[in-house]
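Results of the structural survey
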Amino acid sequence: MQNSRSTKLFQQALQSIPGGVNSPVRAFRSVGSDPLFIKKAAGPRIYDEDGNAFIDYVGSWGPMILGHCHPQVVAAIKAAVDNGASFGAPTELEITLAEMVIDAVPSIEMVRMVSSGTEATMSAIRLARGYTGRDNILKFSGCYHGHSDALLVKAGSGAATFGVPDSPGVPADLAKHTLTAIYNDLDSVRALVAANKGSIACIIVEPVAGNMGTVPPKEGFLEGLRSICSEEGIVLIFDEVMSGFRVAYGGVQELYGVTPDMTTLGKIIGGGLPVGAFGGKKEIMSLLSPAGGVYQAGTLSGNPLAMTAGIETLKLLKQPGFYQKLEEKSAFVAEGIAKAAKDAGFPIYSTRVGSMFCAFFSKDPVYDWDSAAKCDTKAFAAYFKAMLNEGIYLAPSQFETAFVGISHSTEDLEQTIAAAAKCFKAL
Ligand code: KE4
């Protein structure tokens, strides 16, 4: 595969942009190669600067569930921009999208728009702290909720229940308020809650984890979190930035029937434009400025172009049969890849929830960060590069999720499975 233009552009980007990218995972570091610079995309494909075409399973990390450049979404954005890109004033579009989100997710009675998932989770945590008057929060190893300081924290060593910074620049004094439990392990949650009785404002969780690879909740895990939070007066936040409108129109909470107190959203509700949102019970949301005292703001929050793209996207997702069709496509390709690995005698552990799927390079089951971290990331990197050579664009890290979109055709999925069969054999 010829990629001299991407290589040239990457060298140029390194002069003006830290690491040559505007978000670290794009740099392809964990797969040990230079990133491809993308020129355009259409439907299930992306096209790099050297004219190579790839079947895309990153989909901008989740937003492009309809495929790239859906004509209805593009037309709506084009029409909207003729009316102006941003006003910094309320618009009817914000009410329309808010009402669509509330209609889709019954646990959301009110919702505030922001411009990224990071803003959504950061603001939801502040609101939970304001609502409970408590300072500590609890998250899970392997779950990613964006890069606000309180969430760039890892478990304290040994018996220490307090968090320690997971990045330079995060003050230890702040990190200590973030407790870290083990995903799918309710006992680890109960131990932390008991050791910090009455001081935890919220538990934030990816109800289907997508940032350590795709890890579904074990039977009873979400229900257990729900009852612990109800018993302890802790706000349960489902971070559905990735899973919202992805695994079902109503997200994981519709699929698993567990109701959080707050939900964070992003990605799909912006149709590819910058967006985030957090919402929940009126009783909590009404504490948010200017209705209440918990401050939160944003110049481009509820941006008319992002609202337009989100509204058009959700209209298309709501069409009868959409998720059934997506489910069939997703099962076909995920099972096809798993069979290809098995037939090649290559051990992988395959997971899938709806159109989120992952091939863990592990012969053992993966159900939390520790088991995910045991994966053979070198073999994954070789697989990633081989699939790229076959025209298949996967997430450049073992600890990410692959996304199927409605525009992936049967031929695309068959081509992907055939490529996987060839690549697993060569590993
Ligand atoms: P953003 O700030 O990147 O819009 O959203 C942060 C975020 C919050 N919550 C969940 C569950 C998320 O998955 C994310 C962001 N996801 C990553 C993909 N692993 C975005 C890709 C990137 O960082 O470039």
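These lines cover the structure that appears in this document, whether it is placed above or below. (Residues numbered from 1 in each chain as written. Predicted model: local features only at pLDDT ≥ 70, side-chain atom pairs only at ≥ 80, totals over all residues. Heavy atoms only, no water.)

**Points about the overall build of the protein chain**
The secondary structure content of the protein chain amounts to 14 helices and 16 strands. For 427 residues, the compact-globule formula gives about 22 Å, and the C-alpha radius of gyration of the protein chain, at 21 Å, lands near that figure. Considered along the principal axes of its C-alpha atoms, the protein chain spans approximately 55 × 55 × 50 Å. The buried share among the 427 residues of the protein chain stands at 55%. A separation of at least 24 residues holds for 72% of the contacts in the protein chain among residues at least 6 apart in sequence. Total accessible area on the protein chain stands at roughly 17800 Å², and carbon and sulfur atoms take up 55% of it. Side chains of the protein chain carry 36 positive and 42 negative charges; the gap between the two charge centres is 4 Å. (Helix = DSSP H or I, 4+ residues; strand = E, 2+ residues; numbered from the N terminus. Rg over C-alpha atoms; globule rule 2.2 N^0.38 Å. Buried < 20%, exposed > 50% of the residue type's maximum accessible area, 1.4 Å probe, protein only. Contact = heavy atoms within 4.5 Å. Areas by Shrake-Rupley, 256 points an atom, 1.4 Å probe, with all protein chains shown as cover. Lys, Arg positive; Asp, Glu negative; His and termini not counted. Charge placed at Lys NZ, Arg CZ, Asp CG, Glu CD.)

**Here we look at the pattern of salt bridges**
What the rule picks out here adds up to 15 salt bridges. Taking the shortest distance from any N to any O, the salt bridge between Asp412 and Arg45 comes out at 2.8 Å. Taken together, the residues span a long stretch of sequence, with Asp412 in helix α14 (residues 410-426) and Arg45 in strand β2 (residues 45-48) at a distance of 367 residues. Overall, Asp412 belongs to the buried group, its relative accessible area being 5%. Here Arg190 makes a salt bridge to Asp187, at a shortest N to O gap of 3.1 Å. Here the residue Arg190 and the residue Asp187 both occupy positions in helix α6 (residues 186-195), the gap between them amounting to three residues, near one helical turn. One connected set of salt bridges, linked through shared partners, spans Arg5, Lys39 and Glu49. (Salt bridge = Lys/Arg side-chain N within 4 Å of Asp/Glu carboxyl O.)

**Quick word on the nonpolar core**
Tyr57, Phe245, Leu314, Leu317, Tyr383 and Phe424 are the most contacted members of the largest nonpolar core, which has 68 residues in total. By residue number, the principal contributor to this core is helix α11 (residues 322-343), which donates eight residues. Both domains that meet at this core, namely domain 1 (4-69 + 321-426) and domain 2 (71-317), each give it at least three residues. Grouped together as the second largest cluster of nonpolar side chains are 38 residues, Tyr183, Val189, Ile203 and Phe403 included. (Core = buried A, V, L, I, M, F, W, Y, C linked by side-chain atoms within 4.5 Å. Domains from an automatic or database assignment.)

**Some points on the site of the ligand**
Within the structure, the ligand sits among 16 residues, and Ser23, Thr118, Asn211, Asp239 and Glu400 are positioned closest to it. Here an oxygen atom of the ligand sits 2.9 Å away from a polar atom, N or O, in the main chain of Gly117. Here Asp239 contributes a side-chain N or O atom positioned 2.7 Å from a nitrogen atom of the ligand. Summarising the interface, the protein chains cover 86% of the accessible area of the ligand, which totals 540 Å² for the free molecule. Residue classes in the shell around the ligand are distributed as five nonpolar, seven polar and four charged. Per-domain counts for the shell around the ligand show at least three residues from each of domain 1 (4-69 + 321-426) and domain 2 (71-317). (Near = heavy atom within 4 Å. Polar contact = N/O pair within 3.5 Å; in protein donor to acceptor, adjacent residues only side chain to side chain. Nonpolar A, V, L, I, M, F, W, Y, C, P; charged D, E, K, R; others polar.)

**Regarding the sheet that holds strand β16 (residues 402-403)**
Pairing in this open sheet of three strands is antiparallel, and the strands run β13-β14-β16 from one edge to the other. Of all the strands in the sheet, the pair left with one neighbour each is β13 (349-353) and β16. In the sheet, strand β14 (residues 356-360) pairs with β16 via two bridges, with the strands oriented antiparallel. Across the sheet, Met356 pairs through a bridge with Phe403, a residue of β16. Each of β13 and β14 is contacted by α11, which is oriented at about 175° to β13, the strand it contacts most. (Pairing = 2+ DSSP bridges. Axes fitted to C-alpha atoms, helices over the stretch in contact; angles between N-to-C directions.)

**Examining the side chain of Thr263**
Along the chain, the position of Thr263 falls in strand β11 (residues 262-266). Engagement of the side chain of Thr263 in a polar contact is seen with the side chain of Gln253, the distance being 3.0 Å. With sequence-adjacent residues up to four places away left out, Thr263 is seen in contact with Ser107, Ile108, Phe238, Glu240, Gln253, Ala277, Phe278 and Gly279.

**As for the side chain of Ser371**
The topology assignment puts Ser371 in helix α12 (residues 369-372). Of note is the side chain of Ser371, whose polar atom sits 2.6 Å from the side chain of Asp368. In contact with Ser371, other than residues within four places in its own chain, are Pro365 and Val366.

**Let's talk about the packing of α6 against helix α7 (residues 221-232)**
Two elements in contact, α6 and α7, have axes separated by 10 Å at closest approach and are oriented at 15°. Between α6 and α7, the interaxial angle falls into the category roughly parallel. The element α6 and its partner α7 pack so that their crossing is right-handed. Here Leu186, Val189, Arg190 and Val193 of α6 lie close against α7, whose contacting residues are Phe221, Gly224, Leu225, Ile228 and Glu232. Of the residues in the contact of α6 with α7, the class split is six nonpolar, one polar and two charged. (Parallel < 35°, antiparallel > 145°, perpendicular 65-115°, else oblique. Left-handed = near helix turned anticlockwise from the far one by under 90°.)

The analysis is restricted to geometry; functional conclusions fall outside its scope.
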